[in-house]
There are 2 protein chains.
Amino acid sequence: MQFSDSDKKLSNKDIKLIRSLSQKKFRAESGLFVVEGEKLVAEALDSDFEVVSVYRKSEIGDDAMKKISSLSTPSPILAVVRKREYSLEDIISGPVPHSHSTNEIIVALDGVSDPGNLGTIIRLCDWFGVKAVIASHSSVELYNPKTVQATMGSIFRVPVIYCDLSETLGEFGKDGYALYGTLLDGSPIGLENVSAIQSQCGSSIIVMGSESFGISHEIRDLIPASNRLLIPPYNPDSHSESLNVATATAIILSFFRLK
Amino acid sequence: MQFSDSDKKLSNKDIKLIRSLSQKKFRAESGLFVVEGEKLVAEALDSDFEVVSVYRKSEIGDDAMKKISSLSTPSPILAVVRKREYSLEDIISGPVPHSHSTNEIIVALDGVSDPGNLGTIIRLCDWFGVKAVIASHSSVELYNPKTVQATMGSIFRVPVIYCDLSETLGEFGKDGYALYGTLLDGSPIGLENVSAIQSQCGSSIIVMGSESFGISHEIRDLIPASNRLLIPPYNPDSHSESLNVATATAIILSFFRLK
C-alpha cells in the first residue's frame, strides 16, 4: 500500500485505500489499520507501533476527513498504523507491565465476538497490569475500528495474540501458570477465595468465554475444578440473565488485584 | 397517541408515530417508548409496565418492521410501552429487591451522558440487587432506545428517577443512608475498607460521576471524606486514563456485595 508523499495532500487513491481498511480483508492484505482521535493518535505516535501516515482535518479539509473517517462525527485527526505481530515467546519472556508486580496475569478470550467488548477488555487489562491477552481464532479481530476505538489507546500497550487456545494454554500450564475461568458451575468468588488466589504467588491465566456460549468444553476441561469461578448474582430471584463479558472481566480482575 | 385497533395491521400513521418515538421530544409528549427483541418484549409483558402494542415481523412483514425498527438488523418483535414514573416515596418505602438483603444500596448518577453506559449500569444494578437508581437531570434520558436495549430488560425491574441530585441526597442522608462516591482523591478500595463498609450494616448510596467530569463539586461536598473511594490503577506507570463509568460501577458494586 502506497500513500502520497505529503501528509497534507490526500489523493483519491489514498481515500480509497484508507476506506478499504474498514474491511477485515483489506486490513489483512495490507497489515495496516486506522486510528482516530487526538488521544489515540498521540498514543500511537508515542508507542512502538509504526505510524504510516497522519491526516489532520485542518490540513485535508472537512469533506476529505468525512470520506476517510468511520466515525459518525469525524475527529480532527486520523492515522494509518502498521499492525504489530507478537509471538508467544515475546509474551512469555516479555516484561511484566508494572515493576512492583508480584502476580503476573494473562487474560485468555475464548470466542469473544463483540468488537466493543474486546476493546473494553484490553483497556481493562491495561488498567489492571495484565501482561498480555491471548485470544482464540474464533474471537473477533483486534484491528476492527470499533475495537481499536474502545481500547482508548491501550491497544498500543497490551500485547494481543491469536492462537489455538487449548494448545497455548497447555504450554503456559507447563510453564507453571495456574489456569482460572469463569463458569456457571464454578465456586462463587468472595473474600475466602480472594485470599487463596493471592496466597498462591505465581502467575495466572484467566479465561473468559464468549458472549453467547461461555467457555467451550475443550477449554473448560483444562481448568482445574477448584479454579472454576462464578460471579454470584446478588439477587437469585431476579431474571437478570448474566453480566456482560467485559463487566465480568472487570470484576474478576479487580478480585485478583485486591490488596 | 392512538394506534390502530389490531396489532396485526400497521397503518402509515402508526409507522409515523412509532418512528417519532426515536426522538426524546416525542417520547416526552406521548409518555411512550419502544422496546425491541424477543427477550425485552417478553420482560415488558411480564412486568408492571403497560404494553400499548406489540408488532411481530411474521404478521406485519419485513418491510414494515424495517420502517419502525431503530436497529440496523430489525428483530422479529417490537413493542410500544408506556413510561412509568416513580416517586422518591416509592423508592424509600419500596421493597428491597432480594429478601435476604442486609445492606440496601441505591446508585446515584451525577451526569452520566452515554446511553449505553446508563443501560449497562441499570443491568448491573439488577444483578447486584440495587434498590433504585437516582439520576441528576443532567444525565442521559432513560428511554433512549440505546439505553433501553442495553438494560437487557432490567429497565422493567430497577426503578429509575430523575431529580435534583443534591437535594435528594440530602433527604436520603436524613433517612440514615451513608453516602459514598468514587473520587480521584479517594481512599483506594481494598480488603480493609471492604470490611469497614460491610460492618456498617445500614443503607448506602453510591454516587458515580459523569464520563467527562466525574462527580460535580456540589455533590462531592456532600460525601464524607472517609467515604470517598478510588479504584486504584494497578499499574501507576501506565497511561491508562480511567475506567469506563459502567466498569467502575461494576467493580464498586462487587466490592459492596463481596461476601
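One numbering rule holds for all chains: residues counted from 1, following each sequence as written. Numbering of ligands from 1 and lettering of chains from A proceed in the order in which they are written. Residue-level local features of this predicted model are given only where pLDDT is at least 70; pairs of side-chain atoms are given and counted only at 80 or more, and the full residue set underlies all totals for whole chains, interfaces and linings. Water and hydrogen atoms were dropped before computing side-chain values, which therefore reflect all heavy atoms in the structure.

**Let's talk about unusual backbone geometry**
Glycine aside, residues mostly have negative phi, and peptide bonds are mostly found in the trans state. Residues and elements named next belong to chain A. For M152, which is not glycine, the phi torsion reads 55° and is therefore positive. A run of H or I in DSSP counts as a helix once it spans at least four residues, and a run of E counts as a strand once it spans at least two, with each numbered from the N terminus. Mapped onto the fold, M152 is located in the loop between helix 8 (145-150) and strand 6 (160-163). Categorising residues by exposure relies on relative accessible area from a 1.4 Å probe, with only protein chains included: less than 20% of the type maximum marks a residue as buried, more than 50% marks it as exposed, and the intermediate range marks it as partly exposed. According to the relative accessible area criterion, M152 is partly exposed, its value standing at 29%.

**With respect to the pairing of strand 4 (residues 105-110) of chain B**
All names here are of chain B. A large share of strand 4 lies buried, amounting to 6 of its 6 residues. In this structure, strand 4 lies alongside strand 8 (residues 204-209), joined through 6 bridges in parallel fashion. If you follow L109 over to strand 8, its bridge partner there is M208. Bridge count for strand 4 against strand 5 (residues 132-136) is 4 bridges, and the pairing is parallel. For A108, the partnering residue across the bridge sits in strand 5 and is I134. A crossover links strand 4 with its parallel partner strand 5, the connecting element being helix 7 (residues 115-127), and its sense is right-handed. Strands were regarded as paired on the criterion that DSSP finds at least two bridges between them. Here, the term right-handed applies to a crossover whose path from the first strand over the helix to the second runs clockwise when the strands point away from the viewer.

**Some words on the domain arrangement of chain A**
Frequently, the measure chosen for interface size is the accessible area that the parts lose on association. Residues and elements named next belong to chain A. Partitioning chain A into domains gives domain 1 (12-82) and domain 2 (88-257). The start and end points of each domain follow an automatic or database-based domain assignment. The C-alpha-based centres of domain 1 and domain 2 are spaced at 30 Å. In this complex, domain 1 contributes 16 residues to the contact, which on the side of domain 2 involves 11 residues. Between domain 1 and domain 2 lies a buried interface of about 1200 Å² when both sides are counted; carbon and sulfur atoms form 65% of it. Simply put, the buried area is the total loss of 1.4 Å probe accessible area from both parts when two parts are fitted together. The largest contributions to the domain 1 side of the interface with domain 2 come from R27, F33 and L40, which together make up 40% of the buried area. When a carboxyl oxygen of Asp or Glu lies within 4 Å of a side-chain nitrogen of Lys or Arg, that pair is called a salt bridge. Where domain 1 meets domain 2, there are 2 salt bridges. One salt bridge connects E141 with R27, and the closest N-O pair in it is separated by 2.4 Å. We call two residues contacting when some pair of their heavy atoms lies within 4.5 Å.

**Side note on the sheet that holds strand 3 (residues 77-82) of chain B**
Residues and elements named next belong to chain B. In space, the 3 strands of this open sheet follow the order 1-3-2, with antiparallel pairing throughout. Strand pairing shows two members of the sheet lacking a second neighbour, strand 1 (32-36) and strand 2 (51-56), which therefore form its edges. Direction aside, the axes of adjacent strands within the sheet are offset by 20° on average. Most of the contacts of helix 3 (residues 38-45) go to strand 3, to which it runs at about 35°, and overall it touches strand 1, strand 2 and strand 3. Angular values range over 0 to 180 degrees, each being the angle between N-to-C directions of two axes fitted as lines to C-alpha atoms, with helices fitted over their stretch in contact.

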